[in-house]
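# Structural description and commentary
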Amino acid sequence: FLQRFKKMHSKKTHAAKTSILETNCRVLPTPETDEEEVKVLSAAIMELRSALASERKELLEREEKHHHHHHQGKDSAGEVNALEDLQISTAMLERELALIEKDMELLSKNLQSLKAKQEHTREQLNQATLQSNQLEARQDEVSMRVFELPKGSTERKR
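Residues numbered from 1 in each chain as written. Predicted model: local features only at pLDDT ≥ 70, side-chain atom pairs only at ≥ 80, totals over all residues. Heavy atoms only, no water.

### Examining the overall build of the protein
- Regarding its fold elements, the protein presents four helices and zero strands.
- Helices and strands appear in the protein in the N-to-C order α-α-α-α.
- Counting over 158 residues, the protein shows a buried share of 15%.
- Taking as baseline every contact in the protein between residues at least 6 positions apart, the subset at least 24 positions apart corresponds to 77%.
- Accessible area of the protein: about 12,700 Å², with a carbon and sulfur share of 55%. (Helix = DSSP H or I, 4+ residues; strand = E, 2+ residues; numbered from the N terminus. Buried < 20%, exposed > 50% of the residue type's maximum accessible area, 1.4 Å probe, protein only. Contact = heavy atoms within 4.5 Å. Areas by Shrake-Rupley, 256 points an atom, 1.4 Å probe, with all protein chains shown as cover.)

### What about the environment of Leu83?
- You can see Leu83 is positioned in helix H3 (residues 77–148).
- Judged by its relative accessible area of 9%, Leu83 falls in the buried class.
- Separated by 23 residues in the primary sequence, Leu83 and Leu60 place their C-alpha atoms 9.4 Å from one another.
- Aside from chain neighbours lying at most four places away, what touches Leu83 is Leu59, Arg62, Glu63 and His66.

By themselves, these are just geometric observations and shouldn't be taken as functional.
What follows is the structure, given as structure tokens:
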């Protein structure tokens with residue numbers, strides 16, 4: 001599972017960049033959007049939490065069994081090693097869960113930032129389009145005035 005997560009995460013961070021000019025100032029959907037990645041990470045966190053819960057349950061059962069055997073004087077080295085291994089596994093899963101939650105929080109913030117930037121870019125594009133239309137209308141007015149002037153006049157030559 002962790003390998004699958006790291007592979008998916010590395011694909012996202014090494015994705016090819018696309019110029020805004022190549023897309024005519026439009027934001028194109030990607031095959032796997034950031035929202036989808038957040039959903040995948042949420043599912044991954046749920047899986048890790050489930051695995052962590054089962055590991056904790058098993059750890060508690062072994063600790064109770066170990067405690068029971070210890071009181072009866074039947075403590076075995078194999079069970080102690082297994083208990084230590086389980087504790088280490090649980091600690092590793094908790095650390096991985098914390099890292100994934102941190103990544104998910106970062107991706108959520110990045111998604112919000114990208115949405116804000118996209119909206120700002122759209123506003124700028126709309127303003128530039130409006131200004132372009134106004135300038136074209138002004139150019140048409142000037143062209144019509146020049147066309148209406150008599151041929152050969154000094155004002156038409158300007």
